[in-house]
Amino acid sequence: MAELMKGVHRITANANSYLLLDDKVLLFDTTIEPSAKDILAYLPKARLQPCDIQVIVLTHTHPDHTNGLHTMKAQAPRARVAAHEADADFVSKAQPNYPGPPVNGKPSPWQGVPVDDRLRDGQVYEGLRVIHCPGHTPGTIALLDEDRGLLIAGDTLRTEGGVGPMWDQYNIDPKQHREGIRKLARFAFDALVCGHGEPILQGAGEQVRQLARTL
Ligand SMILES: [Zn+2]
Ligand SMILES: [Zn+2]
């Protein structure tokens, strides 16, 4: 079991995925296609079936966070799919080729999945505050669970190799990405989970504030 705190599960695949279990079951990110089976394999450990997932939130359009979506939607067809409005067209393939790294406009065989809920900065979605931090991709978001003091950071930053910005070869706008980290530093949270690296379960807000001062 990788239950980090009550109702918060980490699934270690390619990029990390997370489950939030409250009134509804929410899945954050769907990893790469072959690793989606790791999400499916984890669900029984949380006493869940795929059809229990009601919402799939994509923190951004990168393939290591979205490509397992086909597999997950096939198993959980009623789950709503949510992404920031600036990345939603890449997820759904309304705009076929994402223009930034790591793919830089190369066609992908991935067919896309419709996005049901297009998120905006500052809105509260399923009880979570949406924090838009463009720069990694145009529509990269973090989600703040104010009740738990938990930031679900996606790729707004990383903890792999220490708390820091994402590696710039993957950022569409490195300067804007750092502005996003300074924005995160203004919110109150104690725990943090992200796409790449280990969770920080205490003192995460202070670590992000320290990082923001160095950028
Ligand atoms: Zn990414
Ligand atoms: Zn990633």
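For the structure itself, consult the block above.
Overview of the structure. If you're wondering where the values come from, they're calculated on a predicted model, not measured in any experiment.

1. Observations concerning the overall build of the protein chain
Argument step 1. Along the backbone of the protein chain there are six helices and 12 strands.
Argument step 2. For 215 residues, the compact-globule estimate of 2.2 N^0.38 gives 17 Å, and the C-alpha radius of gyration of the protein chain, at 16 Å, lies within 12% of that figure.
Argument step 3. Seen along its three principal axes, the alpha-carbon backbone of the protein chain occupies a region of about 45 × 40 × 30 Å.
Argument step 4. In the protein chain, once contacts between residues fewer than 6 apart in sequence are set aside, the share between residues at least 24 apart is 61%.

2. Re helix α4 (residues 85–92)
Argument step 1. Within α4, the full set of buried residues consists of Ala86, Asp87, Ala88, Phe90 and Val91.
Argument step 2. Those residues of α4 that are buried are in contact with α2 (63–66), β6 (80–84) and β7 (117–119).
Argument step 3. Note on α4: the residue one or two positions beyond its end, Lys93, has a positive phi of about 70°.

3. A few points about unusual backbone geometry
Argument step 1. Of note, the bond from Pro101 into Pro102 is cis; its omega dihedral lies within 30 degrees of zero at 5°.
Argument step 2. Note on placement: Pro102 falls in the loop between α4 and β7.
Argument step 3. You will see that Asp29, though not glycine, has its phi angle at about 70°, which is positive.
Argument step 4. Residue position: Asp29 is located in the loop between β4 (25–28) and α1 (36–42).
Argument step 5. One non-glycine residue with positive phi stands out, namely Asn104, at about 50°.
Argument step 6. Relative to the helices and strands, Asn104 is located in the loop between α4 and β7.

4. Here we look at the pairing of β6
Argument step 1. Most of β6 sits out of view: four of its five residues are buried.
Argument step 2. Looking at chain direction, strand β5 (residues 55–57) and β6 are connected through three bridges and run parallel. Of the residues in β6, the one forming a bridge with Val55 is Arg80.
Argument step 3. As defined by bridge partners, β6 adjoins β7 across three bridges and the pair is classed as parallel. Counterpart to His84 in the pairing with β7 is Leu119.
Argument step 4. The parallel pair β6 and β7 is bridged by α4, and the resulting crossover is right-handed.

5. Quick notes on helix α6 (residues 204–214)
Argument step 1. Taken residue by residue, α6 has Ala204, Gly205 and Val208 as its buried positions. Taken end-on, α6 shows its buried residues confined to a sector of 100°, consistent with a single buried face. Residues of α6 that are exposed and angled more than 90 degrees away from the buried face: Glu206, Gln210, Arg213 and Thr214.
Argument step 2. Looking at the packing, one finds that the buried side of α6 touches β11 (150–152), α5 (174–184) and β12 (191–193).

6. Concerning the sheet that holds β12
Argument step 1. Taken in spatial order, the five strands of this open sheet run β8-β9-β10-β11-β12, and their pairing is mixed. The sheet is open, and its two edges are formed by β8 (124–125) and β12, each paired on a single side.
Argument step 2. As judged from the two bridges shared by β8 and strand β9 (residues 128–132), these two strands associate in the antiparallel manner. Its bridge partner lying in β9, Val124 is registered against Arg129.

Scoring rules and cut-offs
- Within each chain, residue numbers correspond to sequence positions counted from 1 in written order.
- Chains carry letters from A onward and ligands carry numbers from 1 onward, assigned in written order.
- Per-residue local features are limited, in this predicted model, to residues with pLDDT of at least 70; the limit for side-chain atom pairs, both in listing and counting, is 80 or more; totals at the level of whole chains, interfaces and linings are taken over all residues.
- By the criteria applied, helices consist of DSSP H or I runs no shorter than four residues and strands consist of E runs no shorter than two, each listed in order from the N terminus.
- Atoms counted for the radius of gyration: C-alpha only. Globule rule: 2.2 Å times the number of residues to the power 0.38.
- By the convention adopted here, residues make contact when the C-beta atoms placed from their backbones lie within 7 Å.
- Counts of 20 or more other C-beta atoms within 10 Å of a residue's own C-beta define buried residues, counts of 12 or fewer define exposed ones, and intermediate counts define partly exposed ones; C-beta atoms are placed from the backbone.
- When DSSP finds two or more bridges between two strands, those strands count as paired.
- Note on handedness: a crossover is taken as right-handed if, strands pointing away from the viewer, the path from the first strand over the helix to the second is clockwise.
- Working note: the arc is built from the helix axis to C-beta atom directions.

Purely geometric numbers; function is a separate question.
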